[in-house]
Amino acid sequence: MSRIVYVTRTDHFSAAHRLHSSALSDEENRQIFGKCNHQNGHGHNYKVEVTVKGAVHPTTGMVMNLVDLKEIMRESIMEPMDHKNLDLDVAYFASVASTAENICLFIWDQVVNRLPGGVTLYEVRLYETEKNVAFYRGDIA
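Keep in mind it's a predicted model, so treat the numbers as computed, not measured. (Residues numbered from 1 in each chain as written. Predicted model: local features only at pLDDT ≥ 70, side-chain atom pairs only at ≥ 80, totals over all residues. Heavy atoms only, no water.)

A.B. asks: Hey, could you run me through the nonpolar core in this one?
C.D. replies: Counting residues in each nonpolar core, the largest one holds 32 residues, and the members touching the most others are Phe13, Val52, Met81 and Ile107. Counting residues per element, the ones that place at least two in this core are β1 (4-17), β2 (42-55), α2 (66-81), α4 (100-111), β4 (119-127) and β5 (133-136). With residues up to four places along the chain from it excluded, the contact list for Ile107 reads Val48, Ile77, Met81, Val124 and Leu126. (Core = buried A, V, L, I, M, F, W, Y, C linked by side-chain atoms within 4.5 Å. Buried < 20%, exposed > 50% of the residue type's maximum accessible area, 1.4 Å probe, protein only. Helix = DSSP H or I, 4+ residues; strand = E, 2+ residues; numbered from the N terminus. Contact = heavy atoms within 4.5 Å.)

So, in C-alpha cells, the structure goes:
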C-alpha cells in the first residue's frame with residue numbers, strides 16, 4: 001500500500017479585469033460589484049497555488065517532478081493570463097464573470113488533464129489579495 005503525499009507549487013501573475021455580468025443590468029452590476037465594476041477595470045497581483053497528490057515514486061522519491069509542474073503552470077496559467085486583461089484576452093471570460101472563483105475553475109480546467117499518470121490535481125488556490133482567497137478541489141454540487 002502506498003502513502004499519498006500532497007505537493008504544492010506557487011507562482012504569481014498580474015492581470016486586469018472588470019467584475020461584470022452580461023446577465024445583469026448596468027445598475028445591478030454597479031450594485032453588486034461596486035468599484036470593481038469600473039468601466040476600465042482594475043488589476044491584481046495574483047498568487048496561485050497548485051496542489052497535486054500521488055504516491056511517492058520509489059526510485060525518484062517524488063510525486064512528480066516540480067520542473068514539469070512548473071512548465072504545466074507556465075503553459076496553463078502564466079501564458080494565457082499574466083499581464084493580460086482577463087475579460088478581453090482570455091476567451092473563457094468573454095462570457096463568464098472574471099471573479100476569483102471563476103478564475104480558479106479556469107485554472108483547474110487548464111491544469112487537470114496535463115498532469116502525468118498517477119498524479120491527481122487536488123486543489124487550485126487563488127489569492128486575489130492578501131485578504132481575498134478562493135480555492136477549488138474539483139467538487140461538483
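A.B. asks: Looking at this structure, I do not really get unusual backbone geometry. What am I missing?
C.D. replies: What is expected of a backbone is that most residues other than glycine have negative phi and most peptide bonds are trans. The residue His83 is not glycine, and still its phi comes out positive at about 55°. Tracing the backbone through its elements, the reader meets His83 in the loop between α2 and β3 (84-85). Look at His83 and you get exposed, because its relative accessible area is 65%.

A.B. asks: Please clarify how the pattern of salt bridges should be interpreted in this entry.
C.D. replies: Oppositely charged side chains may form a pair once their charged atoms are brought near each other. Under the defined criterion, the tally for this structure stands at seven salt bridges. Glu27 is the partner of Arg30 in a salt bridge, and the nearest nitrogen-oxygen pair spans 3.2 Å. On the criterion of helical spacing, the pair formed by Arg30 and Glu27 is a turn pair, its members being three residues apart in helix α1 (residues 26-33). On the basis of relative accessibility, which here comes to 40%, the residue Glu27 falls in the partly exposed class. Between Glu49 and Lys47 there is a salt bridge, and its shortest N-O distance comes to 3.6 Å. By relative accessible area, which is 16% here, Glu49 ends up buried. Put simply, Glu71, Arg74 and Glu79 are held in one network by salt bridges that share partners. (Salt bridge = Lys/Arg side-chain N within 4 Å of Asp/Glu carboxyl O.)

A.B. asks: What's the story with the pairing of β4 in this structure? I'm lost.
C.D. replies: Note on strand geometry: in a regular strand, side chains alternate between the two faces of the sheet. Bridge count between β2 and β4: eight bridges; the pairing is antiparallel. If you follow Lys47 over to β4, its bridge partner there is Tyr127. Pairing of β4 with β5 involves four bridges; the strand directions are antiparallel. When the sheet's bridge partners are listed, Leu126 is paired in β5 with Ala134. Between the antiparallel neighbours β4 and β5 lie five residues. (Pairing = 2+ DSSP bridges.)

A.B. asks: Explain the packing of aromatic side chains here, please?
C.D. replies: Remark: the centre distance and the inter-plane angle together describe each pair of aromatic rings, the angle taken between the planes. Taken as a whole, this structure holds six aromatic pairs when the rule is applied. Consider the rings of Tyr92 and Phe93, whose centres lie 4.9 Å apart with planes at 90°: the pair is edge-to-face. Residue class for Tyr92 comes out partly exposed when judged on its relative accessible area of 28%. Site record: aromatic cluster; members linked through ring pairs are Tyr92, Phe93 and Phe106. In this structure, Lys47 packs its charged tip against the face of Tyr127, placed 4.8 Å from the ring centre. In this arrangement the basic side chain of Arg125 is found over the ring face of Phe135, its NZ or CZ atom lying 4.3 Å from the centre. (Phe/Tyr/Trp six-rings, centres within 6.5 Å; stacked < 30°, edge-to-face > 60°. Lys NZ or Arg CZ within 6 Å of the ring centre and 35° of its normal.)

A.B. asks: How should the UniProt feature "active site" (unreviewed entry) in the protein chain be read in this particular structure?
C.D. replies: UniProt tags Cys36, His83 and Glu128 as "active site" (unreviewed entry). Examined against the element boundaries, Glu128 turns out to sit in the loop between β4 and β5. Judged by its relative accessible area of 13%, Glu128 falls in the buried class. Apart from residues lying up to four places away in sequence, Glu128 is in contact with His17, His44, Asn45, Tyr46 and Ala100. (UniProt positions renumbered as here; feature names shortened; annotations may be inferred.)

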